[in-house]
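So you can see what is in the structure, the chains are spelled out below.
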Amino acid sequence: MIENLSKKRMVFGISCLILLTIVVLIIESKWMKAGSRRQEFVIENNSTCWQRETYEVIKDCHPCTAFEIASKSQGVCVHTHNKEVLKCIGGEIVTRSCDRVAWLDERHYWSFQISLTIIGTLSAAISFLRQKTLNRRTILKIQRELGA
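Conventions we followed
- One numbering rule holds for all chains: residues counted from 1, following each sequence as written.
- Side-chain atom pairs in this predicted model are given and counted only at pLDDT of 80 or more, local residue features only at pLDDT of at least 70, and totals for whole chains, interfaces and linings cover all residues.
- As a convention, hydrogens and water are excluded, and side-chain values are obtained from all of the structure's heavy atoms.
- What counts as a helix is a DSSP run of H or I of at least four residues, what counts as a strand is a run of E of at least two, and both are numbered from the N terminus.
- Burial status follows relative accessibility: with a 1.4 Å probe on protein chains alone, a residue under 20% of its type maximum counts as buried, one over 50% as exposed, and anything between as partly exposed.
- The contact criterion used throughout is that any non-hydrogen atoms of two residues lie within 4.5 Å.
- Following DSSP output, two strands are said to pair if at least two bridges run between them.
- In this analysis, axes come from line fits to C-alpha atoms, helices being fitted only over the stretch in contact, and the angle between any two N-to-C directions falls in the range 0 to 180 degrees.
- Within this document, salt bridges are pairs made up of a side-chain nitrogen of Lys or Arg and a carboxyl oxygen of Asp or Glu, the two lying within 4 Å of each other.
- Values of pLDDT, which run from 0 to 100, indicate the predictor's confidence residue by residue.
- In this description, a disulfide is simply a cysteine sulfur pair whose atoms lie within 2.5 Å.

Novice: What is the right way to look at the overall build of the protein chain in this model?
Specialist: Broken down by element type, the protein chain carries four helices and three strands. Secondary structure elements of the protein chain, listed N to C terminal, follow the sequence α-α-β-α-β-β-α. The buried share among the 148 residues of the protein chain stands at 16%. When contacts within the protein chain are restricted to residue pairs at least 6 apart in sequence, those whose partners lie at least 24 apart make up 50%.

Written out as structure tokens, the structure is:
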């Protein structure tokens, strides 16, 4: 296990991990700059009243159904697979494409946090048991040496 590594190898391994972390952060920051602007996709004809007039959101951003995506029955579902329903001041009801679904992002966030908590708890328990085993082995070794 890790206790059998020499000091040089541990320092080398930690240095490699730090370097890898920095490289990943640099790459992610470059990708975020390129894709950070919000994209609006206008697909349907005669549905741009929300660009000219004030509008009210009737139904918040939500995922399109699998049928709408596969059949391309609604053009707004083609690019982002999400849509929201708007009502313009003139009374026209329009569907437009949107980037993110808030409740879906929140669900992904909480499932990620729960999985990290479970993994952290398991790691702590395994570390505790491993340390307990190593302590027991050390005590038995000392007792054998003192008994001999």
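Still to come is the rest of the account.
Novice: Just to check I follow, could you spell out the sheet that holds strand E1 (residues 55-63) for this structure?
Specialist: Neighbouring strands of a sheet are bound in pairs by backbone hydrogen bonds; such pairs are parallel or else antiparallel. Pairing within the open sheet is antiparallel, and its three strands lie in the order E1-E2-E3. Only two strands of the sheet have a single partner each, and these edge strands are E1 and strand E3 (93-97). Sheet twist, expressed as the mean angle between neighbouring strand axes with direction ignored, is 20 degrees. In this sheet, strand E2 (residues 82-88) lies alongside E1 in antiparallel orientation, the contact comprising six bridges. Along E2, the bridge assignment pairs Tyr55 with Cys88.

Novice: Would you mind going over the pairing of E2 with me for this structure?
Specialist: Moving residue by residue along a regular strand, the side chains alternate between the two faces of the sheet. By the criterion of burial, E2 is predominantly enclosed, with six of the seven residues buried. Inspection of the sheet shows E2 paired to E3 by five bridges, in the antiparallel sense. When the bridges of E3 are listed, Glu84 appears paired with Arg96. What sits between the antiparallel neighbours E2 and E3 is a turn of four residues, in which Gly91 has the positive phi angle 100 degrees.

Novice: Help me out: how do you make sense of the pattern of salt bridges in this one?
Specialist: For side chains bearing opposite charge, pairing can occur when the charged atoms are close. Inspection of every chain in the model, using the stated rule, returns three salt bridges. A salt bridge links Arg100 to Asp105, with the nearest nitrogen and oxygen atoms 3.2 Å apart. Arg100 sits in the exposed class, given a relative accessible area of 62%. Asp105 sits in the partly exposed class, given a relative accessible area of 31%.

Novice: Please explain the confidence of the model for the protein chain as it appears in this structure.
Specialist: Detailed reading of the predicted model is not advised wherever pLDDT is low. When pLDDT is averaged along the protein chain, the result is 85; 89% of the residues meet or exceed 70. Per-element averaging of pLDDT across the protein chain places helix H2 (residues 49-52) at the bottom with 80 and helix H4 (residues 102-147) at the top with 94.

Novice: Is there a simple way to explain the state of the cysteines in this structure?
Specialist: Note on terminology: disulfide describes a covalent bond linking the sulfur atoms of two cysteines. Taken as a whole and judged by the stated rule, the model has three disulfides. Disulfide partner of Cys49: Cys88, at an S-S distance of 1.7 Å. Taking the sign of the S-S torsion, about 70 degrees here, the bridge from Cys49 to Cys88 comes out right-handed. Of this pair, Cys49 sits in helix H2 while Cys88 sits in strand E2; the two residues are 39 residues apart in sequence, bridging distant segments of the chain. Each member of the pair Cys49 and Cys88 is classed as buried. Put simply, Cys61 and Cys98 are joined by a disulfide, and their sulfur atoms are 1.9 Å apart. The disulfide joining Cys61 to Cys98 has a torsion of about 85 degrees about its S-S bond and is therefore right-handed.

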